[in-house]
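Commentary on secondary and tertiary structure
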Amino acid sequence: QLELCSGGACDKEELGYAFMQSVKKVGWNELYLYLPGGSATGGDFDATRLNFIRLYSLEAKGDIIIDDIYVCK
């Protein structure tokens, strides 16, 4: 799970993205996050005020390594 927040902390003005199995691979991992594709919670997300990112695994095993994250309109 990856969360982008504009409220200064997790779960505040947030867009959430669930990872698909295709990005859980050994090697180079790039994520393209489209703003309309996120699940909004905790108020209205404001992309011009992005100030908090949280990345975690729901499966709680192994390391998470992301090489590039692109946020797109």
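**So, the sheet that holds strand 4 (residues 39-41)**
Read across the open sheet, the 4 strands follow the order 4-2-1-5; overall the sheet is antiparallel. Two strands close off the open sheet at either side, each with one partner strand: strand 4 and strand 5 (52-55). Averaged over all adjacent pairs, the angle separating strand axes in this sheet is 20°, with direction ignored. Note: strand 1 (residues 2-5) against strand 5, 4 bridges, orientation antiparallel. In the strand pairing of strand 5, Leu2 is matched with Leu55.

**Here we look at the packing of aromatic side chains**
Inspection of every chain in the model, using the stated rule, returns 1 aromatic pair. Seen in terms of ring centroids, Tyr32 and Tyr70 are 4.7 Å apart; in terms of plane orientation they differ by 15°. Their pairing is stacked. Of the two residues, Tyr32 sits in strand 3 (residues 30-34) while Tyr70 sits in strand 6 (residues 68-72), which places them 38 residues apart along the sequence.

**Details of the confidence of the model for the protein chain**
Here the protein chain averages 84 in pLDDT, while 90% of its residues score no lower than 70. The secondary-structure element of the protein chain with the lowest mean pLDDT is strand 3, recorded at 86, while strand 2 (residues 14-17) shows the highest, at 93.

**Notes on unusual backbone geometry**
The backbone of Asp11 shows a phi angle near 65°, a positive value even though the residue is not glycine. Relative to the helices and strands, Asp11 resides in the loop between strand 1 and strand 2. The partly exposed category is assigned to Asp11, whose relative accessible area is 43%. Phi angles above zero are rare outside glycine, and Glu13 is one such case at about 50°. Relative to the helices and strands, Glu13 resides in the loop between strand 1 and strand 2. A relative accessible area of 22% places Glu13 in the partly exposed class.

Basis of the calculations
- Residues numbered from 1 in each chain as written.
- Predicted model: local features only at pLDDT ≥ 70, side-chain atom pairs only at ≥ 80, totals over all residues.
- Heavy atoms only, no water.
- Pairing = 2+ DSSP bridges.
- Helix = DSSP H or I, 4+ residues; strand = E, 2+ residues; numbered from the N terminus.
- Axes fitted to C-alpha atoms, helices over the stretch in contact; angles between N-to-C directions.
- Phe/Tyr/Trp six-rings, centres within 6.5 Å; stacked < 30°, edge-to-face > 60°.
- pLDDT = per-residue confidence, 0-100.
- Buried < 20%, exposed > 50% of the residue type's maximum accessible area, 1.4 Å probe, protein only.

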